[in-house]
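Coordinate analysis (summary)
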Amino acid sequence: MSGALPTSIDPVWLADQQTHLSGTIPLKRMTRLLADCRSGDGEVRIDLQFRSDPNGERRSVQGKIEASIETTCERCLESMTLPLLAEIDMLIVTAEQASVMDDHEDVLVVKGPVSLGELAENELILAMPMIPMHPEDKCPASALLRDQGIDEKDRQDGGEKQSPFAKLAELKRSDR
Ligand SMILES: [Zn+2]
């Protein structure tokens, strides 16, 4: 199955059919994820392989969900493109199976039809870094800190007392 993805899936059935789902969902549908984004342009790429063993007792899904979002760098407050990758490796269990299972981290408990968009969105939100920032060598604020002679060592020495962000804020104020 490739291209157009179903909006609603039955993971148990997909596993029993050994289905491979691959395709894209418009990013703009993911309103919770987009709350922190500057733009809703783009797509979420989904590539999932559903599996079950021959007697259907153990079902799982593996694969990945990827997107590239436009968000704000917390260091320089400029726009940044943030690639998100959620690697999926989950057991698929029915509510009945879940009731007799020990706690397990990556389990998809299926009680009815599952929204593929919501599933993908949840996984991408989990893949979001707590504080999105450009890589150090790509961030304009890092270059500014370096130009002002605030090198990595100073920042580590003073890191506990004063964050580089505070220093940057001072520099920005003194620019005016
Ligand atoms: Zn930055």
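Placed above this text is the structure.
Reference entry: report on the structure contained in this document. This structure is a prediction, so every number in the text was calculated from the model and none was measured.

Conventions adopted
Residues numbered from 1 in each chain as written. Predicted model: local features only at pLDDT ≥ 70, side-chain atom pairs only at ≥ 80, totals over all residues. Heavy atoms only, no water. Helix = DSSP H or I, 4+ residues; strand = E, 2+ residues; numbered from the N terminus. Buried < 20%, exposed > 50% of the residue type's maximum accessible area, 1.4 Å probe, protein only. Contact = heavy atoms within 4.5 Å. Areas by Shrake-Rupley, 256 points an atom, 1.4 Å probe, with all protein chains shown as cover. Arc of directions from axis to C-beta. Donors = N, O, S within 2.8 Å, 3.2 Å for Na, K, Ca; no water. Tetrahedral: all angles 85-135°; square planar, octahedral: opposite > 155°, others 65-115°. Polar contact = N/O pair within 3.5 Å; in protein donor to acceptor, adjacent residues only side chain to side chain. Pairing = 2+ DSSP bridges. Core = buried A, V, L, I, M, F, W, Y, C linked by side-chain atoms within 4.5 Å.

**A word on the overall build of the chain**
When helices and strands are tallied, the chain shows seven helices and eight strands. Classification of the 176 residues of the chain by burial places 36% in the buried group. Considering only intrachain contacts with a sequence separation of at least 6, the fraction spanning at least 24 residues in the chain is 55%. For the chain, the accessible area works out to roughly 10800 Å², and carbon and sulfur atoms hold 48% of it.

**A short note on helix α5 (residues 140-147)**
Taken together, the buried positions of α5 are occupied by Ala141, Ser142 and Leu145. One side of α5 holds all its buried residues, which, seen down the axis, span an arc of 105 degrees.

**Topic: the coordination of the zinc ion**
Within the first shell, the zinc ion binds the protein through Cys73 (SG), Cys76 (SG), His134 (ND1) and Cys139 (SG), at distances of 2.0 to 2.3 Å. Given four donor atoms and angles of 103 to 119 degrees at the metal, the environment of the zinc ion is assigned as tetrahedral. Each donor residue of the zinc ion lies on the same chain, and together they follow the pattern C-x2-C-x57-H-x4-C. A residue pair is termed long-range when its members are at least 10 positions apart, and Cys76 in the loop between β5 (59-72) and β6 (79-94) and His134 in the loop between α4 (116-127) and α5 qualify at 58 residues. Given a relative accessible area of 5%, Cys76 falls into the buried group. When its relative accessible area of 14% is taken as the criterion, His134 is described as buried.

**As for the environment of Gln49**
Summarising the element assignment, Gln49 is placed in strand β4 (residues 43-52). When the C-alpha atoms of Gln49 and Asp89 are compared, they prove to be 9.6 Å apart, with 40 residues separating the residues in sequence. Here the side chain of Gln49 touches Gln18 through a polar contact of 3.2 Å, landing on its backbone oxygen.

**A look at the pairing of β5**
Sheet topology places β4 next to β5; nine bridges connect them, and they run antiparallel. Residue pairing across strands places Arg51 opposite Ser60, the latter belonging to β5. Across 14 bridges, the pairing between β5 and β6 is antiparallel. Across the sheet, the residue bridging to Ala67 is Leu84, located in β6.

**Let's talk about the environment of Leu82**
The residue Leu82 is located in strand β6 in this model. You can call Leu82 buried: its relative accessible area is 9%. Every residue in contact with Leu82, bar those within four places of it in the chain, is listed here: Ala67, Ser68, Ile69, Thr71, Met128, Pro129 and Pro132.

**Focus: the pairing of strand β7 (residues 107-110)**
The two faces of β7 differ: Leu108 and Val110 on one face are buried, but Val107 and Val109 on the other face are not. The pairing of β6 with β7 spans four bridges and is classified as parallel. Opposite Leu91, over in β7, you have Val107 as the bridge partner.

**Here we look at the nonpolar core**
If you look at the biggest cluster of nonpolar residues, it comprises 39 residues, and the most contacted ones within it are Val44, Ile46, Phe50, Ile65 and Leu116. Elements that contribute at least two residues to this core include exactly α1 (11-16), β3 (20-26), α2 (31-34), β4, β5, β6, β7 and α4. With seven residues, β6 is the largest single contributor of residues to this core. Among residues more than four places away in sequence, those in contact with Ile46 are Leu5, Leu21, Ser22, Gly23, Ile25, Lys64, Ile65, Leu116 and Ala120.

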